Amino acid sequence: TLIFTISFWACSLPAQTSDTIDNKTKQSKTHLNIEFSGVVPIAIGNNFAADGMDFKYGLNFSFKGYFNNHLFFGLKFQHLRADVADVTLVGVFEHSNVNSYLAVGGYRFILDKQFNLETSLGIGATVYNNKKTSTTFDEKIDFEDDATTLLLSTAASYEISKNLKVFIKPEYRIDFMQIDTAPIRQDFFNEAHFLNILVGIRFGY
């Protein structure tokens, strides 16, 4: 009986060890997703973006990896389009293409099988591509302003199928501008603040 018991234990040990390893592997498996969304950009505060420009729309793309179902890191690209509303405040150009390249990280809260929330923080570089193409003397204007961008957001998502979700994401954005101007106007150009609303789809986990 003793020999039988020892033999049974010895045979079952590798199976138990294998199950434990498999469980740990599943728990630590990296899951990936891709997000596409439209952006409704709303410039706020007393600054050049809110008072001198009219932000029309935006597009957003991100790629994220999840660890243990909750913690995630990724990369994000965001494009905002703006027309000049008041040349006396921002200068004699017509429109700006604002492109941001950011690293993001955050945490996912699983509410139930279909709903979850994600809070995230992003930081990166932004370029304002300012242009004027229609001039009386055919003199085109094309220059850039640089900024460091900080993003804070919370997304609520709903699962349509295993690998497809829809989400809405309010986002607070600050652009720390690198614009040198007259001292009396410097504060007006130091920062741009936005409250953006993102609505989109998520492919993957």
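Above this text is the structure in question.
The following paragraphs examine the structure supplied in this document. (Residues numbered from 1 in each chain as written. Predicted model: local features only at pLDDT ≥ 70, side-chain atom pairs only at ≥ 80, totals over all residues. Heavy atoms only, no water.)

Digging into the packing of aromatic side chains
Here's step 1: Per the counting criterion, the structure on display carries twelve aromatic pairs.
Here's step 2: On the numbers, 6.2 Å between centres and 70 degrees between planes, the contact of phenylalanine 36 with phenylalanine 203 is edge-to-face. Residue phenylalanine 36 is located in strand 1 (residues 30-40), and its partner phenylalanine 203 is located in strand 9 (residues 191-204); the two are separated by 167 residues in the primary sequence.
Here's step 3: Phenylalanine 203 sits in the partly exposed class, given a relative accessible area of 37%.
Here's step 4: Three or more aromatic residues link up through ring pairs in this structure, and these residues are Phe48, Tyr128, Phe188 and Phe189.
Here's step 5: Between the NZ or CZ atom of arginine 202 and the centre of the ring of phenylalanine 167, over which it lies, the distance is 5.4 Å. (Phe/Tyr/Trp six-rings, centres within 6.5 Å; stacked < 30°, edge-to-face > 60°. Helix = DSSP H or I, 4+ residues; strand = E, 2+ residues; numbered from the N terminus. Buried < 20%, exposed > 50% of the residue type's maximum accessible area, 1.4 Å probe, protein only. Lys NZ or Arg CZ within 6 Å of the ring centre and 35° of its normal.)

Things to note about the pattern of salt bridges
Here's step 1: Scanning all chains against the criterion turns up ten salt bridges.
Here's step 2: A salt bridge links lysine 64 to glutamate 118, with the shortest nitrogen-to-oxygen separation between them at 2.8 Å. Of this pair, lysine 64 sits in strand 3 (residues 53-67) while glutamate 118 sits in strand 6 (residues 115-132), and the two are 54 residues apart along the sequence.
Here's step 3: The exposure class assigned to lysine 64 is buried, which follows from its relative accessible area of 3%.
Here's step 4: Residues joined by salt bridges that share partners form a network here, namely Glu35, Lys64, Glu118, Lys169 and Arg202. (Salt bridge = Lys/Arg side-chain N within 4 Å of Asp/Glu carboxyl O.)

With respect to the side chain of lysine 64
Here's step 1: A distance of 2.9 Å separates the side chain of lysine 64 from the side chain of glutamate 35, its partner in a polar contact.
Here's step 2: Only 3.2 Å separates the side chain of lysine 64 from the side chain of tyrosine 66, close enough to count as a polar contact. (Polar contact = N/O pair within 3.5 Å; in protein donor to acceptor, adjacent residues only side chain to side chain.)

Points about the environment of phenylalanine 55
Here's step 1: Summarising the element assignment, phenylalanine 55 is placed in strand 3.
Here's step 2: Distance from phenylalanine 55 to histidine 95, taken between C-alpha atoms, is 9.4 Å for residues 40 residues apart in sequence.
Here's step 3: The residues touching phenylalanine 55, leaving out its near neighbours within four places in the chain, are Pro41, Ala43, Ala49, Leu80, Arg81, Ala82, Val98, Tyr128 and Phe194. (Contact = heavy atoms within 4.5 Å.)

Thoughts on the pairing of strand 5 (residues 95-110)
On any regular strand, side chains alternate: one points to one face of the sheet, the next to the other face.
Here's step 1: Pairing analysis gives 13 bridges linking strand 4 (residues 71-84) to strand 5, with the strands arranged antiparallel. Paired with histidine 79 across the strands is asparagine 99, a residue of strand 5.
Here's step 2: Sheet topology places strand 5 next to strand 6; 16 bridges connect them, and they run antiparallel. Directly across from tyrosine 107, in strand 6, lies its bridge partner threonine 119.
Here's step 3: In this antiparallel pair of consecutive strands, strand 5 and strand 6, the connection spans four residues. (Pairing = 2+ DSSP bridges.)

Re the environment of alanine 155
Here's step 1: Positionally, alanine 155 belongs in strand 7 (residues 141-161).
Here's step 2: Linking alanine 155 and asparagine 116, residues 39 residues apart in sequence, is a C-alpha distance of 8.2 Å.
Here's step 3: Here alanine 155 is in contact with Asn116, Leu117, Glu118, Ile168 and Lys169, once residues within four sequence places are set aside.

Overview of the pairing of strand 9
Here's step 1: Note that strand 1 and strand 9 share eight bridges and pair antiparallel. Counterpart to valine 39 in the pairing with strand 9 is leucine 198.
Here's step 2: Alignment of strand 2 (residues 43-44) against strand 9, held across two bridges, turns out to be antiparallel. By the bridge assignment for strand 9, alanine 43 is matched with phenylalanine 194.
Here's step 3: Both strand 8 (residues 164-177) and strand 9 contribute to a ladder of 13 bridges, which runs antiparallel. From the neighbouring strand, lysine 165 faces strand 9, where its bridge partner is arginine 202.

Brief notes about the nonpolar core
Here's step 1: Phe48, Met53, Phe55, Tyr128 and Phe194 are the most contacted members of the largest nonpolar core, which totals 20 residues.
Here's step 2: At the level of elements, helix 2 (48-52), strand 3, strand 4, helix 4 (186-190) and strand 9 are the ones that each hand at least two residues to this core.
Here's step 3: Ignoring any residue separated from it by four or fewer positions in sequence, one finds methionine 53 in contact with Phe48, Ala82, Asp83, Ala85, Val90, Phe93 and Ser96. (Core = buried A, V, L, I, M, F, W, Y, C linked by side-chain atoms within 4.5 Å.)

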